[in-house]
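Coordinate analysis (summary)
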Amino acid sequence: MTIILTLLAALAVHPVFYTNHNYFYKITGRYPFVYGATNGGLVEYNAATGAFRSLNNADGLPSNRLNCVGLDSSGAIWSGSENGFALVDRDFQHITIYPVDCVPCSRIHALLCRKDTVLIGTGNGVLRLETLGTTEDFNDDVQLEIYDTDGLPSNNITALAA
């Protein structure tokens, strides 16, 4: 009976998830924060305090392995993976997944943020988003999809530069 109760108590305990942040694929930041896209999720480093925080798929990201990260003018953090991209608020608390049916491809390889514009390099072209200053409201975003038929040398976009 004691063994059964011990086993049931062990099942009731919340599991602890460990992810590996050894590999950084992209970094961005604005003092005092540095953000990294890693194979274990999104990492935030506060240079003023020396503190680290992380988010992963258990917190709501579309995947643990992130390919890219960008920081827009409002301080929101954009992250991209093979399963789409997500927006993390500046407090590093709330994750919003961008609707997959609104992007040309769920494989996100590159992000570039400039003011209210986010360029997303995918496995099937480029998506240009105008967030109109309302990053968390995706319904008012102005979208433009650009493909090889529009002049891109390839639809597989792996990097973007300003």
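The shown structure was predicted, so the numbers you read here are calculated from the model rather than taken from an experiment.

The next subject is the sheet that holds strand E11 (residues 125-130). Spatially, 4 strands are ordered E9-E10-E11-E12 in an open sheet, and the strand pairing comes out antiparallel. Two strands lie at the open edges of the sheet, namely strand E9 (108-114) and strand E12 (142-146), each paired on one side alone. Taking the axes of each pair of neighbouring strands and ignoring which way they run, one obtains an average angle of 15° across the sheet. When E9 meets strand E10 (residues 117-122), the two strands line up antiparallel, connected through 6 bridges. Bridge pairing in E10 places leucine 112 opposite leucine 119.

Moving on: the sheet that holds strand E1 (residues 24-30). An order of E1-E2-E3-E4 is seen for the 4 strands of this open sheet, with the pairing classed as antiparallel. The sheet terminates laterally at E1 and strand E4 (51-55), the two strands that pair on one side only. Neighbour-to-neighbour, the strand axes of the sheet open up by a mean angle of 20°, direction not taken into account. Note: strand E2 (residues 33-38) against strand E3 (residues 41-46), 6 bridges, orientation antiparallel. Bridged to phenylalanine 33 within E3 is asparagine 46.

What the largest pocket holds in volume is close to 210 Å³. In terms of lining residues, the largest pocket is bounded by 15 residues, among which Lys26, Val69, Leu111, Leu112 and Leu160 are the most central. Going through the elements one at a time, E1, strand E5 (66-71) and E9 are the ones with two or more residues in the lining of the largest pocket. The dominant element in the lining of the largest pocket, judged by the number of residues it contributes, is E9, at 5 residues. Residue classes in the lining of the largest pocket are distributed as 10 nonpolar, 3 polar and 2 charged.

Summed over all chains, the structure comprises 5 aromatic pairs. Consider the rings of phenylalanine 85 and tyrosine 98, whose centres lie 4.7 Å apart with planes at 15°: the pair is stacked. With phenylalanine 85 in strand E7 (residues 84-88) and tyrosine 98 in the loop between strand E8 (95-97) and E9, the pair connects residues that are 13 residues apart, well separated along the chain. Tyrosine 98 shares its class with phenylalanine 85; the two are buried. What links up through ring pairs into an aromatic cluster is the set Phe33, Tyr35 and Phe92.

For the rest of this paragraph, the subject is the nonpolar core. In this structure, Trp78, Phe85, Tyr98, Leu111, Val118, Ile120 and Leu129 are the most contacted members of the largest nonpolar core, which totals 15 residues. Elements that contribute at least two residues to this core include exactly E7, E9, E10 and E11. The element best represented in this core is E9, accounting for 3 residues. With near-sequence residues (within four places) excluded, tyrosine 98 lies in contact with Trp78, Phe85, Ala86, Val103, Leu129, Phe138, Asp141 and Gln143. Formed by 13 residues, the second largest nonpolar core is a distinct cluster that contains Tyr35, Leu55, Leu66 and Leu71.

Within this structure, the stated rule accounts for 2 salt bridges. Glutamate 44 is the salt-bridge partner of arginine 53, the closest N and O atoms lying 2.7 Å from each other. On the accessibility criterion, glutamate 44 (2% relative accessible area) is buried. Ionic pairing is found between arginine 128 and glutamate 130, a salt bridge with its closest N-O pair at 2.8 Å. On the basis of relative accessible area, glutamate 130 is assigned to the buried category, the value being 19%.

The next point concerns the pairing of strand E6 (residues 77-81). Among the 5 residues that make up E6, 5 are buried, leaving the element largely enclosed by the rest of the structure. Residues Ile77, Ser79 and Ser81 point to one face of E6 and Trp78 and Gly80 to the other, with burial holding for every one of them. Sheet topology places E5 next to E6; 5 bridges connect them, and they run antiparallel. The residue bridging cysteine 68 from the neighbouring strand is glycine 80, located in E6. The antiparallel hairpin formed by E5 and E6 contains 5 residues in its connecting segment, where glycine 75 sits at a positive phi of about 95°. Judged from the 5 bridges that link them, E6 and E7 form a sheet pairing that is antiparallel. For glycine 80, the partnering residue across the bridge sits in E7 and is phenylalanine 85.

Criteria and cut-off values
Residues numbered from 1 in each chain as written. Predicted model: local features only at pLDDT ≥ 70, side-chain atom pairs only at ≥ 80, totals over all residues. Heavy atoms only, no water. Pairing = 2+ DSSP bridges. Helix = DSSP H or I, 4+ residues; strand = E, 2+ residues; numbered from the N terminus. Axes fitted to C-alpha atoms, helices over the stretch in contact; angles between N-to-C directions. 1 Å grid on protein atoms, 1.4 Å probe; cavity = no way out; pocket = protein on both sides within 12 Å on 5 of 7 lines; lining within 4 Å. Points joined across faces, edges and corners; volume = space filled by probe spheres on them. Nonpolar A, V, L, I, M, F, W, Y, C, P; charged D, E, K, R; others polar. Phe/Tyr/Trp six-rings, centres within 6.5 Å; stacked < 30°, edge-to-face > 60°. Buried < 20%, exposed > 50% of the residue type's maximum accessible area, 1.4 Å probe, protein only. Core = buried A, V, L, I, M, F, W, Y, C linked by side-chain atoms within 4.5 Å. Contact = heavy atoms within 4.5 Å. Salt bridge = Lys/Arg side-chain N within 4 Å of Asp/Glu carboxyl O.

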